[in-house]
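Fold and geometry: a report
Each chain, letter by letter, is given below.
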Amino acid sequence: MHRVMWGAVMGLRYRSGPYLASTRSYSLGDGVWFSRSHEWMKLDGGVGTVGITDHAQNELGEIVYVSLPEVDDAVTGGVTDAVAEIESVKSCSPIYSPFSGAVTEVNEEVETNPTVINSSPMDKGWLFKFQVAEDSDEPAVELMDEKEYNNYVEQLDS
């Protein structure tokens, strides 16, 4: 399978808007946060759970293979070092982490049954959990709350 960047295959356009140009401080509280590359992260007491959004799984189509990190692997926040990969019938997509840290758990179910990501991307289809590094006060990528993310997706689809 030819490996290409996710955004190019999915035809995604990365736009800025007033809801993305915010310069607010990221003292993230617990909750679910979303990235422009369509990962979600649930932050709970310094532990992040990462997966892909429903929009992403819909754009990818049937997911056929998932490559996850190993427990204790170091995670580098940002969009330069992929932590995991998802292959679908359309493309291969890198998965990034918004923070640096260390992997504490992987979802083995998605490795043996990757279509669970299609049926339950924000619940049973989570990919990995990681302990946020103590010196990782700010995310390495801009994160949005659910309302901001939904506005972002609407802009992409228009």
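Everything below is about the structure printed above this text.
If you're wondering where the values come from, they're calculated on a predicted model, not measured in any experiment.

1. Regarding the packing of aromatic side chains
Within this structure, the stated rule accounts for three aromatic pairs. When the centroid spacing of 4.8 Å and the interplanar angle of 15° are considered together, the rings of F34 and Y149 count as stacked. With F34 in strand β1 (residues 31-35) and Y149 in helix α5 (residues 146-157), this pair connects stretches of sequence that are 115 residues apart. An identical accessibility class is assigned to F34 and Y149; each is buried. Taken together, the aromatic side chains of F34, Y149 and Y152 make up a single cluster linked through ring pairs. Looking at K129, its charged tip hangs above the ring of W126, at a distance of 5.0 Å from the centre.

2. Observations regarding the sheet that holds strand β9 (residues 128-132)
The seven strands lie next to each other as β5-β8-β9-β3-β2-β1-β10, forming an open sheet whose pairing is antiparallel. The sheet is open, and its two borders are formed by β5 (74-75) and β10 (143-144), each paired with just one other strand. For strand β2 (residues 39-44) and strand β3 (residues 47-52), the ladder comprises six bridges, and the chain directions are antiparallel. Its bridge partner being in β3, W40 is matched across the sheet by G51.

Rules used in this analysis
- Residues numbered from 1 in each chain as written.
- Predicted model: local features only at pLDDT ≥ 70, side-chain atom pairs only at ≥ 80, totals over all residues.
- Heavy atoms only, no water.
- Phe/Tyr/Trp six-rings, centres within 6.5 Å; stacked < 30°, edge-to-face > 60°.
- Helix = DSSP H or I, 4+ residues; strand = E, 2+ residues; numbered from the N terminus.
- Buried < 20%, exposed > 50% of the residue type's maximum accessible area, 1.4 Å probe, protein only.
- Lys NZ or Arg CZ within 6 Å of the ring centre and 35° of its normal.
- Pairing = 2+ DSSP bridges.

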